[in-house]
Each structure stands twice: as C-alpha cells, then as structure tokens.
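Working through the structure, step by step
So you can see what is in the structure, the chains are spelled out below.
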Amino acid sequence: MTAFGKLFDLTGRRALVIGAASGIGRAAAIGLKEFGAYVIAADLNTKALEGIGDEQRYCDVTDVGSLRKMYSDIDRLHVLVVTPAVNFRKRIEDYTYEEFRKVIEVNLFGPFAAVKEGLEALKRAGRASVILFSSVRAVTVEPGQGPYAATKAGVVQLVKAMAAELAPYGIRVNAVAPGIVDTPFTEQIKRRPEWANAYAEKTALKRWASPEEIVGAVIYLASDASSYVTGTVIFVDGGWTAIDGRFDPFR
C-alpha cells in the first residue's frame, strides 16, 4: 500500500465519541473503529452503548464533573468527536427560558467543556483532531429554529477560535454541518409527512441522509487525509445550502 493508501488508516489511534448511543454519533463510533481506531463510546444512555466501540463510558457534556471522571484515565486521545444536541422546535415567543438555557447548555457549553476537559489527553497525543457538529442551521434558518440555529452558528466560531489557539499543540479543530438526517433527533419532523417531504425537496438530491452518510466526513477529519485542514466546516447536506428556491423554469 502506498502512502496515499494509508491516508485514512486510523490504526493505533484512540478516539472518543461523545453521543455514541444513537444517530450520527453511533455511526461515527462504528466507522472510526472499522478504520482501525480504538474507540471509546460515551453517552448518557450507557445501556444503548452495548457493542459500540472498545470501551463504553457514561458522559454528560453539561456536567464538568462527569467529563472529568470520564477523562481521568484517558492518557492520550488522537480523535475527539462531540455530537450531542437538543432542539425545541417552536417559535421564540413560545420558548421558555428553561428551554433556551437547555439548548445553550447542551449545544454550546457541552462542546466547549468536552474539549476543554480533554485538552491534556489531546496534547499528549502529539497530534490530534477535534470534530464538533454544527448544522445547516448555522447559515440558514426558519421559524422555530432560532435558539438552535444560534448555537450551531456559535459552534462554527468556537471551532475557529479553538483551531487558532490549539494549533501549536498539534491539535486540529473542525466541524461537520449535516443537513436533514434520519435519526431519533428528527423524529418530530418525520411524524409530519408534509414537513419531512418539504425538507427532502429543499436539498439538491431530494432526499434525507442516513447517519452513515455523515461518517465519511468524520473519518476524513480524523485521519491524515485532512492533516492540513483546521478551523473549517464541512457541509454534508445534500446541497441544502447550495441552492436557493425550488422552481425549475425549464420543466
């Protein structure tokens, strides 16, 4: 195998996936392991982690004590993936302050704390890749998505700041921004066919993504294939953010 053939090989690297119990996090943990990484799967729901990765751990990204306990015996960490998010799909006038705080706490404080508490393990690896999750909502929004969109835009700026500050330690920081993905997170949308169909039509590919279709971006950012990539966002959205409107004048 040539040097190019080994670009995506993660053999010998330790990866931590927070939010590995379901959806994109679960797919990412499985994908990282298949590409050779030793995977630590972490989540609030430890029962759902059975069979995922090489180790399973409890983690609450909103609880610094929980994060410190999880990291306490992780010596080196080459890859950190942070996926947890919450969303209350309702208009701002209907939002409660408790709901707003919850969205901020999970979606923005969570990734910040997960990286901050894991810094020593990331530094000890000598070279490491942090992969956070943004969304198409970082750049485009609709009624009912305000606070969620604000946090996902915040993740983008957090990624840029972290990339600048952590580069001297050999740590790269990037984000993946999915479009509409078929996971438990989008169950509310799937229950309303007109809503689900409208989202599919918004994409250039006219369909939803599966969690597995997001994994390629994760593997790329975790591997040497992206060794010169930091501070950026990779959109995996089926063309959602590339197109404006759905009218085709030639039909």
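Going by the structure above, here's the rest.
Overview of the structure. (Residues numbered from 1 in each chain as written. Predicted model: local features only at pLDDT ≥ 70, side-chain atom pairs only at ≥ 80, totals over all residues. Heavy atoms only, no water.)

1. Details of the sheet that holds strand β1 (residues 14–18)
Reading across the sheet, the seven strands line up as β3-β2-β1-β4-β5-β6-β7 and stay open at both edges, with parallel pairing between neighbours. If you trace the sheet from one side to the other, it starts and ends with β3 (55–58) and β7 (233–236), each paired once. Ignoring strand direction, the axes of neighbouring strands in this sheet form an average angle of 20 degrees. In this structure, strand β5 (residues 128–133) lies alongside strand β6 (residues 171–178), joined through six bridges in parallel fashion. Bridge pairing in β6 places V130 opposite V173. Packed on one face of the sheet, helix α2 (residues 64–71) meets β1, β2 (38–43), β3 and β4 (79–82) and runs near 155 degrees to β1. Docked against the sheet, helix α4 (residues 146–166) engages β5, β6 and β7, running at close to 165 degrees with respect to β6. (Pairing = 2+ DSSP bridges. Helix = DSSP H or I, 4+ residues; strand = E, 2+ residues; numbered from the N terminus. Axes fitted to C-alpha atoms, helices over the stretch in contact; angles between N-to-C directions. Contact = heavy atoms within 4.5 Å.)

2. A closer look at the packing of helix α1 (residues 23–34) against helix α7 (residues 212–222)
Contact pair α1 / α7: the axes reach a minimum separation of 9 Å and the direction vectors enclose 55 degrees. On the basis of the axis angle, α1 is oblique to α7. At the point where α1 passes α7, the crossing takes the right-handed sense. Here I24, A27, A28, G31 and L32 of α1 lie close against α7, whose contacting residues are E212, I214, V215, V218, I219 and A222. When its residues are assigned to classes, the contact of α1 with α7 shows nine nonpolar, one polar and one charged. (Parallel < 35°, antiparallel > 145°, perpendicular 65-115°, else oblique. Left-handed = near helix turned anticlockwise from the far one by under 90°. Nonpolar A, V, L, I, M, F, W, Y, C, P; charged D, E, K, R; others polar.)

3. Comments concerning the packing of aromatic side chains
Per the stated rule, a full pass over the model turns up three aromatic pairs. Residues W195 and Y199 carry aromatic rings whose centres are separated by 6.2 Å and whose planes lie at 80 degrees to one another, so their mutual orientation is edge-to-face. Of this pair, W195 and Y199 both sit in helix α6 (residues 193–202), four residues apart, roughly one helical turn. Taking the centre distance of 5.2 Å and the plane angle of 90 degrees together, the rings of Y199 and W240 count as edge-to-face. Residue Y199 is located in helix α6, and its partner W240 is located in the segment after β7; the two are separated by 41 residues in the primary sequence. You can call Y199 buried: its relative accessible area is 5%. One aromatic cluster in this structure is built from W195, Y199 and W240. When the ring centre of Y169 is taken as reference, the NZ or CZ atom of K123 above it lies at 4.2 Å. (Phe/Tyr/Trp six-rings, centres within 6.5 Å; stacked < 30°, edge-to-face > 60°. Buried < 20%, exposed > 50% of the residue type's maximum accessible area, 1.4 Å probe, protein only. Lys NZ or Arg CZ within 6 Å of the ring centre and 35° of its normal.)

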